[in-house]
Amino acid sequence: MEQLLLLLIFLPLLGALVTALSGNAAKHVALVSAIVSLALALGMVCNFTPDSTTQFVVNYSWIRDLGINFHAGVDGISMITILLTNVLIPLIILASYQHNYKSSNAFFALILFMQSGLLVVFTSLDAFLFYIGWEAALIPIYFICAIWGGKDRIKVNMKFFVYTIAGSLFMLLGLIYLYLQNPAHNFDIQAFYNLNLDSAQQGWIFWAFFIAFAIKMPVFPFHTWQPNTYTEAPAAGTMLLAGIMLKMGIYGVIRWLLPIVPSGVQDWGHVAIILSIIGIVYASIIAFTQKDAKRLVAYSSIAHVGLISAGIFALNTQGMQGAMIQMLSHGINVVGLFFVLDIISSRLKTNRISELGGIAKQAPVLAITALIIVLGTVALPGTNGFIGEFLLLMGVYQYNIWIAVFAGLTIIFGAVYMFRMYQNIMLGKTNDLTITFTDVQGSEKVVLYIICALIIVLGIYPKPILQLSEASVQHLIEQVTQKLTSVN
Amino acid sequence: MNIIITITVTALVVLYAGLFKAKKALLPITLIGLLISLVFVATSWNTNQTYFGMMQMDNFALAFSGITILGTLFIFLLTQNYFAADSENIAEYFTLILFALAGIIIMVSYKNMSMLFIGIEIMSVCLYILAGIRKSNFASNEASLKYFLMGAFSTGFLLFGITLIYGATGSFDLETINQYLVGNYKSISPMFYPGVILMLIGLSFKVGAAPFHFWTPDVYEGAPTLITTFMSTVVKTAGFAAFLRLFADTFAPLHDFWLPPLIAIVCITLFIGNVTALFQKNFKRMLAYSSISHAGYLLFSLVTLSANSANNVLVYAAAYTFASIIAFAVLIMVKQKTGNDHFDSFNGLAKRNPLTALVLTIAMLSLAGIPLTAGFIGKYLMFLNVMGEYQIFLVAFAILNALVGFYYYFKVIVAMYFKEGNEVELEVPFQYKAVLVFSVVITLFLGVYPSVILNLI
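Note that the structure is a prediction, hence the values are computed from the model and not measured.

*Asks:* Would you explain the side chain of Thr321(B) in this entry?
*Replies:* Residue and element names in this part refer to chain B. On the secondary structure map, threonine 321 appears in helix H13 (residues 309-338). A polar contact is formed between the side chain of threonine 321 and the backbone oxygen of alanine 317, at a distance of 2.6 Å. Those residues in contact with threonine 321, other than ones at most four positions away along the chain, are Thr233 and Thr237.

*Asks:* Please clarify how the interface of chain A and chain B should be interpreted in this entry.
*Replies:* The extent of an interface is frequently quoted as the accessible surface area lost upon association of the parts. Taken residue by residue, the interface counts 31 residues in chain A and 35 residues in chain B. Summed over both sides, the interface of chain A with chain B buries roughly 3,100 Å², with 84% coming from carbon and sulfur. Counting the surface chain A buries against chain B, the share from its top three residues, Trp62(A), Leu169(A) and Leu173(A), is 16%. At the surface where chain A touches chain B, the tally comes to four residue pairs in polar contact (both at pLDDT 80 or more).

*Asks:* What is the right way to read the pairing of strand S1 (residues 55-63) of chain A from this model?
*Replies:* Successive side chains on a regular strand alternate, one facing one side of the sheet and the next facing the other. Residues and elements named next belong to chain A. Pairing of S1 with strand S2 (residues 68-74), which is carried by six bridges, proceeds in the antiparallel orientation. Bridge pairing links asparagine 59 to histidine 71 in S2. The loop that links S1 with its antiparallel partner S2 comprises four residues; one of these, glycine 67, has a positive phi angle of about 65°.

*Asks:* Sorry, what's going on with a nonpolar patch on the surface here?
*Replies:* All names here are of chain B. On the surface, Val437, Val441, Phe445, Val448, Tyr449 and Val452 cluster together into a nonpolar patch covering about 510 Å² of accessible area. Element by element, the count of residues in the nonpolar patch is highest for helix H18 (residues 430-448), at four residues. Structurally, tyrosine 449 can be placed in the loop between H18 and helix H19 (451-454). Here tyrosine 449 falls in the partly exposed class, since its relative accessible area comes to 38%.

*Asks:* Please clarify how unusual backbone geometry should be interpreted in this entry.
*Replies:* As a rule of thumb, non-glycine residues mostly have phi less than zero, and peptide bonds are mostly trans rather than cis. In this model, Met217(A) is joined to Pro218(A) through a cis peptide bond whose omega is -10°. Locating Pro218(A) in the fold gives a position in the loop between helix H8 (199-216) and helix H9 (226-232). Following Ala210(B), the chain continues to Pro211(B) via a peptide bond in cis, the omega torsion being 0°. With respect to the helices and strands, the residue Pro211(B) is situated in the loop between helix H8 (192-207) and helix H9 (215-222). For Leu315(A), which is not glycine, the phi torsion reads 55° and is therefore positive.

Basis of the calculations
Residues numbered from 1 in each chain as written. Chains lettered and ligands numbered in written order. Predicted model: local features only at pLDDT ≥ 70, side-chain atom pairs only at ≥ 80, totals over all residues. Heavy atoms only, no water. Helix = DSSP H or I, 4+ residues; strand = E, 2+ residues; numbered from the N terminus. Polar contact = N/O pair within 3.5 Å; in protein donor to acceptor, adjacent residues only side chain to side chain. Contact = heavy atoms within 4.5 Å. Buried area = accessible area lost by both parts, 1.4 Å probe. Pairing = 2+ DSSP bridges. Patch = residues over 30% accessible without salt bridge, like charges linked within 9 Å, V, L, I, M, F, W, Y side chains within 5 Å. Areas by Shrake-Rupley, 256 points an atom, 1.4 Å probe, with all protein chains shown as cover. Salt bridge = Lys/Arg side-chain N within 4 Å of Asp/Glu carboxyl O. Buried < 20%, exposed > 50% of the residue type's maximum accessible area, 1.4 Å probe, protein only.

What follows is the structure in structure tokens.
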């Protein structure tokens, strides 16, 4: 049973290797690999006892002299992100089926390689391993975006790369500092939790970590790389970035920031929340003015992530649970949105809202499924988005009512710009361009149906997911508050 | 001792083989000689022999000998047809490289100041000639002359330093000098201090650390690429070993005295190397400047002296050597095909030669310090070491510089993968393939499983 996690982490790597060597059949090989991973992940969920313990633990000595171990395990919080990764990767691969990418074997191999890195990040219990996974997930996405991206891809991705690597290098500095503080001289997460750092030290560590995570999410004002990178990336790249990669930042905050430097969070957490709230309002306002649908969704993603980040820093169960389910929902919805836009742009070569209109008449299936995805994104009750945002707002409300008021704007703003976008693209009069539009078919249909099904099922019956992480989340909150009270 | 003898004998045999026009035999003889000396490195391990109080073959010396010999071996594999275009007398070039290597072995194992001087001189004289072997090429001549003048100048500093230290202690022997420092800590002769500073300057010249780096870019660019490879990998590693032997052991009691100038040198080196590399349009020149910045990272090991300092340098030097060999090997092939060494000549390489491009990418990632490559482990050890003394600002400064490094190392990756380029396909000869594959395997292996090398010394 313990080996299940190892298999889960290394299977995509093997899949990547086979994919790289399999020429024209690459996409099928990649899809098979991703589906096997999904089956493994589901098997893991079935064998997972939803309590606060860490399960499926593997611990091997890796670089003994430096106190580095291959130490990984799964608790409820990791389980959610593992599910997210393994559900979305097959969808993203399937969503790329219609594209004829040049050297597609490299393209799909890189996706699977990234999956491995992501799973390392989401399960690692050793800080060094976490860092390795963090970088290992970045390299493939850089290449995906920079090789198969749009016109401005080189410059835009360089910015993205330098931004993220800057953040992660300072995180590395923080990790080394913790390592040196640790009398056992290793990178074990439990040892890091038990460190007694004074509040000044915690403040420094807080910022070293927070900036790395904030760049990844992204939180205002570290977001400037994001809209351009999303816009220039190929569809699959955007989905990977928005659907899964930004969750690395959220997960990092939950796993590596809150429990290690609780006093730091107490001292500086309000700054993080305020930045998140500024991000929500700012991104929403900019989203209103966007003429390009892909950019609009990119900005809306900043707003949504802002709410998740605020919910986490509110440090209560509701906020945290909301963040958990919203990570999953946002991943599904944003992948759905970007996929719809990709379908449109691959047919009509444009995502400019003003040039589109009346697609619903030509493509009723696309219009209906897109409507469900938009409803999920704007958090209509009965969809997956509602549960998450509701819990998040509740969490933020308990923290501070005024912040909750501003945070609540995401839902209102989001509804306005999302519906306006939908209306302008799908409804209205069919024009010369959209008259040629053909409805979705084959693999496109499959992806859209699966996404819509997930949106509705999670919206109506989110309990299994909430249960999965509840005990771990409560344990985490207790751990943090306990440490805080013992300091005070 | 057997190592030096083997290398020297090989050099002489090669010279005679050249005399009898046995051109085909040159490379095999050289390789066999180097392999035998590698075997001697392995068999002498842990024996810690001292020869006449002049040289000490401890594990430190053996480890660095091993790396320099292996690096030289790889470079010899790259010589295929390389010198043939320039001259009929290839044997002489081979011999010169081998003699330089003999000097290097002395540099990493000296136990006496005079041996340090002799080692450096044996190596340098060979290199002055090698830098200028393209007799009709203006840049090559310029490189040779510049290298000679600067080298002679810096040797002057070094000698003056040695003299002053001899004046203060009455000995060339490293151990005696060290005992003098420990024994007379309160009453060290005032001659000693300028001696240390002069030696610091002299050695900084040799390893190309700023502000004594001005010769490096021109010499590296002007010299034939293969010689540049030798200078920037093997020679540099040897320079650092010599540096370390002197400063980490013998002068260690005076650490507080020479630390401030060293930190200044480190900061200037990192900054100048990185920032200037950023603006280069020429791949070879970029590598030259980046080698300056790597000298800065390597000097980190002297900022905080610990039991691991020597080993950290070994890891970093190994990572740097093999990644650089890859970079230069690909550069040689590209230049032979396109005729210039600008970044533009790498455009579209990935399409025509996907494997070569992949290997060069891994080398660049290693030089930049991305995890799972040897370069990351090297940088990590350096940062860890300095953080141990809580020199946080120094580490933060180094990290900012590493960030700049990403930018210029990625330039070539960008050119290879993301830019459309000329349709020429490189022919990769078998020996080049072997070197590329071996180097990349070493780079990845040390990155994933560095335990093998971490406690070597």
